[in-house]
Amino acid sequence: MSEARTEDTGGTEATGDARTTGAAGGARATGVTGDARATGPTGAAEDTAATTDTAAAPTRPRRRQARGEARIAQLLKAASRVFCTSGYTAASTNAIAREAGVSPGTLYQFFPNKEAIAVELGDQLLSRWRETYGAAFLPGHLELPLDRMLDATLDPLIEFNCENPAFTVLMHGSEIPGLITQEHDAVHTTMLTRVETILTDYLPSAPPAEITRVAMMIFILFKAGLDVIMAHEGDEREAYIKELKTILFRYLEPMVCDATGLTARPAPPIGR
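Scope of this entry: the structure provided in the associated data block. In this convention, every chain numbers its residues from 1, walking through the sequence in written order. Two thresholds apply to this predicted model, a pLDDT of at least 70 for residue-level local features and 80 or more for giving and counting side-chain atom pairs, whereas whole-chain, interface and lining totals are computed over all residues. Excluding hydrogens and water, the side-chain values take into account all heavy atoms of the structure.

### Regarding the overall build of the chain
A run of DSSP states H or I qualifies as a helix once it reaches four residues; a run of E qualifies as a strand once it reaches two. Both are numbered from the N-terminal end. Each helix and strand counted, the chain has 12 helices and 0 strands in total. Along the chain, from the amino end to the carboxyl end, the secondary structure elements read α-α-α-α-α-α-α-α-α-α-α-α. The contacts in the chain between residues at least 6 apart in sequence include a share of 62% that link residues at least 24 apart. Whether two residues touch is decided by their heavy atoms; if any such pair falls within 4.5 Å, the residues are in contact.

In structure tokens:
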């Protein structure tokens, strides 16, 4: 009994210092838990098992969370493929579950409906799109000649869209959830401002209204060219990328030459 009382005392002390006593304090605190169930060697063995279970318990939710995140990623990839194949309106949760290789019940554990899937996927794509155009519109690009500036700016934007075709589906469809289109409109406005900033540097004497018109035309030309680019693959895609850059170069260079007094020259072999 004296030994049991000694463990009790140690346990009481360990309880007060549980955050600071370290491994030794933790061992004494375990003794208190054991005393509540049994004393002697059998109780100590139970204590050890309880301590092991307690130490392992926090890792289980993390493993479940990781599995849940992996399942969400799997469902979003499947949704991306279904949206690209069928369009947002014709897509269904059953089709997305089938594409992901899971049951509809599994899908509903993570998303209540198709709109929730689209919003989550749209959020992820918009976040990556912001990173992409942030890298495309770097201040250092303003110091480049026009043809090289077009390469540096357009290449990452085109690459992102080609690698993420669901982005176009979700950003421009007529039946897309309003939250996605609102955020896309905000991103569009930010990008338009970036383009206007670049144009102002190249055309310092142009009035603001002209800068805005030119920026809008660049957006329209880029969107039209991007649609054609994404409809092709391989060498044909590369050829259309070059065509788009040539169009934008020939549209912008006369303005740049007028602003700087330079003589216009033929469009270079952009992108090579």
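There's more to say after this.
### A closer look at the side chain of Lys245
Tracing the chain through its elements places Lys245 in helix 12 (residues 234-260). Relative accessibility thresholds used throughout: buried, under 20% of the residue-type maximum; exposed, over 50%; partly exposed, between the two (1.4 Å probe, protein chains only). Residue classification places Lys245 among the buried positions, given a relative accessible area of 2%. A polar contact of 2.8 Å, which involves the side chain of Lys245, links it to the side chain of Asp151. In protein, a polar contact means a hydrogen-donor-capable atom and an acceptor-capable atom, both N or O and within 3.5 Å, with residues adjacent in sequence counting only if both atoms are side-chain atoms; elsewhere, any N or O pair within 3.5 Å suffices.

### Thoughts on a nonpolar patch on the surface
Each patch is built from residues lacking any salt bridge and having more than 30% relative accessible area; the joining distance is 9 Å for like charges and 5 Å for nonpolar side chains (Val, Leu, Ile, Met, Phe, Trp, Tyr). Using a 1.4 Å probe, the Shrake-Rupley method yields the accessible areas, and only the shown protein chains count as cover for residues. In the sections that follow, a salt bridge refers to a side-chain nitrogen of Lys or Arg positioned within 4 Å of a carboxyl oxygen of Asp or Glu. Residues Met216, Met217 and Ile220 make up a contiguous nonpolar surface patch of about 250 Å² in total accessible area. In this structure, Met216 sits in helix 11 (residues 208-230). Its relative accessible area of 33% is what places Met216 among the partly exposed residues.

### Section: the pattern of salt bridges
All told, the structure shown has 5 salt bridges when counted by the stated rule. Between Glu99 and Arg81 there is a salt bridge, and its shortest N-O distance comes to 2.7 Å. Linking Glu99 in helix 5 (residues 93-100) with Arg81 in helix 4 (residues 59-86), this pair joins segments that are 18 residues apart in sequence. Its relative accessible area of 39% is what places Glu99 among the partly exposed residues. Relative accessible area serves as the criterion here: at 40%, Arg81 is assigned to the partly exposed category. Of the charged contacts, one joins Glu183 and Arg130 as a salt bridge, the two residues approaching to 4.0 Å between their closest N and O atoms. Linking Glu183 in helix 10 (residues 178-202) with Arg130 in helix 7 (residues 114-136), this pair joins segments that are 53 residues apart in sequence. Accessibility expressed as a relative area gives 24% for Glu183, which makes it partly exposed. Assessed through its relative accessible area of 35%, Arg130 is described here as partly exposed. Beyond isolated ion pairs, a larger network of salt bridges with shared partners links Asp151, Asp155 and Lys245.

### Some points on helix 11
Residue pairs three or four apart in sequence face the same way in an α-helix, which turns once every 3.6 residues. In this analysis, the expected span of each helix is defined as 1.5 Å times one less than the number of residues it contains. With 23 residues, helix 11 ought to run about 33 Å at 1.5 Å a step, and its terminal C-alpha atoms sit 33 Å apart, in line with that. For helix 11, every residue scored as buried is listed here: Ile211, Val214, Ala215, Ile218, Phe219, Phe222, Gly225, Leu226 and Ile229.

### Quick look at the nonpolar core
The definition of a nonpolar core used throughout is a set of buried Ala, Val, Leu, Ile, Met, Phe, Trp, Tyr and Cys residues joined through side-chain atoms within 4.5 Å. Phe83, Leu170 and Leu199 are the most contacted members of the largest nonpolar core, which totals 62 residues. Elements with a minimum of two residues in this core: helix 4, helix 5, helix 7, helix 8 (146-163), helix 9 (165-172), helix 10, helix 11 and helix 12. Residue contributions to this core peak at 9 residues, all from helix 7. If near-sequence neighbours (up to four positions away) are discounted, Phe83 is found in contact with Tyr88, Ala91, Ile96, Lys114, Ala118, Leu121, Val169 and Leu170.

### Here's the deal with the packing of aromatic side chains
The way to describe two aromatic rings as a pair is by their centre distance and the angle between their planes. Classification of ring pairs rests on two measures: the distance between centres of Phe, Tyr or Trp rings, Trp counted by its six-membered ring, which must be within 6.5 Å, and the angle between planes, read as stacked under 30 degrees, edge-to-face over 60 and tilted in between. Under the definition given, this model contains 5 aromatic pairs. Look at Trp129 and Tyr133: their rings are 6.4 Å apart centre to centre, the planes differ by 70 degrees, and that puts the pair in the edge-to-face class. One end of the pair is Trp129 and the other is Tyr133, both in helix 7 and 4 residues apart, which spans about a single turn. A single burial state applies to Trp129 and to Tyr133, both of which are buried. Both rings, one in Phe160 and one in Phe167, keep their centres 5.2 Å apart while their planes meet at 85 degrees; by these two values the pair is edge-to-face. Judged on exposure class, the residue Phe160 and its partner Phe167 are both buried. Our definition puts a charge over a ring when NZ of Lys or CZ of Arg is within 6 Å of the ring centre and also within 35 degrees of the ring normal. Stacked on the ring of Tyr88, the Lys or Arg Lys114 has its end atom at 4.4 Å from the ring centre.

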